[in-house]
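If you want the building blocks of each chain, they are given just below.
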Amino acid sequence: MAQPTEKTIWSTDWDSEEISGESYRRVLFQDVDMTELVDHGSSFEECHFSNVRFNVSAHDDAPFLNCTFTRCSFFDATFDGCKLTGSVFDGCTYGLLKVEGGDWSYVGLAGADLRGSVFRGTRLREADLSGARLEGAELRRADLSGASLRGADLTRCDLRGSDLSTLDPLTVTLKNAVIDPFQATVVATALGLDVRE
């Protein structure tokens, strides 16, 4: 449920700008161009981003807490060490999205087309990835404990090092997904197999 906003930033051009340490709370960003924006640690709390272009932007140690993203584009955007806890994405596009570290627990990415996206060392605890398209994506060393993956397409997805303890292999597409030997045991056990030496 999106929080009510108290201020609106409308049709502003932040293209190629650099921001650092700024703070925004309950702000509606409507039709803002953040293409190639460089963001160092600015804070966004309970904000709503509607039709915002984050293409080729770079965000470093920036919290986006309980934010809502509606019809935003994230082509080639990078989030390094960012905290997006509780944020929800609806109708967004993500081509070549790159996420390094950070905490994306409880995010809502149901049905998201994340083909080719990269999440490395990211905390995705109890994230909603149900029905997400992750073909050819990379989810390396990700904490997926409690995450919902029902109906997700993980074809050719690199899952090595990630927590798959709550993955139900019967409810996802795993064709040609890449896993490590420990994960193979976890998946086999989830399928009811008796793994022995």
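A quick note: this is a predicted structure, and the numbers were derived from the prediction, not measured. Counting starts from 1 at the beginning of each chain's written sequence and moves along it residue by residue. Local features in this predicted model are restricted to residues of pLDDT 70 or higher, and side-chain atom pairs are both shown and tallied only at a pLDDT of 80 or more, whereas totals for entire chains, interfaces and linings draw on every residue. The side-chain values count all of the structure's non-hydrogen atoms but skip hydrogen atoms and water molecules.

A. Examining the sheet that holds strand S3 (residues 23-25) more closely. Pairing is parallel in the open sheet, where three strands are placed in the order S3-S6-S9. Strand pairing shows two members of the sheet lacking a second neighbour, S3 and strand S9 (64-65), which therefore form its edges. Direction of pairing for strand S6 (residues 43-45) relative to S9: parallel, over a ladder of two bridges. Paired with Glu 45 across the bridge in S9 is Leu 65. Note on pairing: two strands pair once DSSP finds at least 2 bridges between them. Counting from the N terminus, the helices are DSSP H or I runs at least four residues long and the strands are E runs at least two residues long.

B. Focus on the pattern of salt bridges. Salt bridge, as applied in this entry: a Lys or Arg side-chain nitrogen positioned within 4 Å of an Asp or Glu carboxyl oxygen. Applying the stated criterion to the full structure yields 15 salt bridges. The residue Glu 46 makes a salt bridge to Arg 25 at a minimum N-O spacing of 3.8 Å. Separated by 21 residues along the polypeptide, Glu 46 in the loop between S6 and strand S7 (48-50) and Arg 25 in strand S3 bring together distant segments of the chain. Working definition: with a 1.4 Å probe on protein chains only, accessible area under 20% of the residue-type maximum means buried, over 50% means exposed, and in between means partly exposed. Accessibility expressed as a relative area gives 12% for Glu 46, which makes it buried. A salt bridge links Arg 123 to Asp 103, with the shortest nitrogen-to-oxygen separation between them at 3.8 Å. Pair noted here: Arg 123 is in the loop between strand S14 (118-120) and strand S15 (138-140) and Asp 103 is in the loop between strand S13 (98-100) and S14, with a separation of 20 residues, a long-range link. A relative accessible area of 16% means that Asp 103 is categorised as buried. Connected through shared salt-bridge partners, Glu 6, Arg 25, Arg 26, Glu 45 and Glu 46 make up one network.

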